Amino acid sequence: MTETVELRNKPELKFILNTDEFNVIDASEPENNGTYSYTEIKSAELNSERTNWLISILSVVVDFLTGSGNGGKFKTKANLILKTEKRNLKIWLNDADYGKAKKITELINKNKTYTQQRTEFKTKQITR
């Protein structure tokens with residue numbers, strides 16, 4: 001089973017999901033590119049865009065004190081965090097299809113669980 005999901009066209013952001021692993025192609029953050037096994041994934045978390053109230057309030061206070069006119073709402077952009085044994089990947093979802101990102105997160109978590117169960121089953125068979 002191979003499924004390709006394109007979240008963004010420019011810069012390219014694409015996931016290629018295979019049976020035991022998946023590929024990430026992220027043109028905006030090349031260090032995220034690579035092939036990852038589902039067994040090395042601890043979790044996949046999808047974070048929606050939200051207002052950073054602390055920074056927003058601080059900017060309004062600073063704007064009031066300095067009169068610079070730069071205060072306003074500051075938002076944390078939507079992102080997908082893939083936690084592995086060795087590192088955490090943060091994939092920014094600027095101008096990406098959030099619905100597809102939600103689907104990717106669900107597929108990775110589902111395949112991670114399925115692959116880990118299959119690996120444990122194989123290990124139990126070998127030790128018997």
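See the structure above.
Treat the numbers as computed from the prediction; the structure is a model and nothing was measured.

**Description of the pairing of strand β9 (residues 88-92)**
Here β9 shows a buried face lined by Leu 89 and Ile 91 and an unburied face lined by Asn 88, Lys 90 and Trp 92. Sheet analysis places strand β8 (residues 79-84) next to β9, joined by five bridges and oriented antiparallel. Directly across from Asn 79, in β9, lies its bridge partner Trp 92. In textbook terms, the turn of a hairpin is the stretch between consecutive antiparallel strands, and for β8 and β9 this stretch comprises three residues.

**Some thoughts on the packing of aromatic side chains**
Enumeration according to the criterion identifies three aromatic pairs in this entry. Relative to Tyr 38, the ring of Phe 22 has its centre 5.4 Å away and its plane inclined at 35°; by these criteria the two rings are tilted. A residue pair is termed long-range when its members are at least 10 positions apart, and Phe 22 in strand β3 (residues 21-26) and Tyr 38 in the loop between β4 (34-37) and β5 (41-47) qualify at 16 residues. By relative accessible area, which is 0% here, Phe 22 ends up buried.

**As for the sheet that holds β4**
In spatial order, the strands read β1-β2-β3-β4; together these four strands make up an open sheet with antiparallel pairing. At either end of the open sheet lies a strand with only one pairing partner, and these are β1 (3-8) and β4. On average, each strand axis in the sheet is inclined to that of its neighbour by 20°, with strand direction left out of account. Examined bridge by bridge, β1 and strand β2 (residues 13-17) share five bridges and lie antiparallel to one another. Looking at β2, one finds that Arg 8 is bridged to Leu 13.

**Examining the pattern of salt bridges**
Tallying each qualifying case throughout the model produces five salt bridges. In this structure, Lys 103 and Glu 3 form a salt bridge, with 2.8 Å as the shortest nitrogen-oxygen distance. With Lys 103 in helix α2 (residues 98-127) and Glu 3 in strand β1, this residue pair connects regions lying 100 residues apart in the sequence. Since its relative accessible area comes to 24%, Glu 3 is described here as partly exposed. In this structure, Arg 8 and Asp 26 form a salt bridge, with 3.6 Å as the shortest nitrogen-oxygen distance. Taken together, the residues Arg 8 in strand β1 and Asp 26 in strand β3 connect sequence positions 18 residues apart. Classification of Asp 26 by relative accessible area gives buried; the value is 0%.

Definitions and limits used
Residues numbered from 1 in each chain as written. Predicted model: local features only at pLDDT ≥ 70, side-chain atom pairs only at ≥ 80, totals over all residues. Heavy atoms only, no water. Buried < 20%, exposed > 50% of the residue type's maximum accessible area, 1.4 Å probe, protein only. Helix = DSSP H or I, 4+ residues; strand = E, 2+ residues; numbered from the N terminus. Pairing = 2+ DSSP bridges. Phe/Tyr/Trp six-rings, centres within 6.5 Å; stacked < 30°, edge-to-face > 60°. Axes fitted to C-alpha atoms, helices over the stretch in contact; angles between N-to-C directions. Salt bridge = Lys/Arg side-chain N within 4 Å of Asp/Glu carboxyl O.

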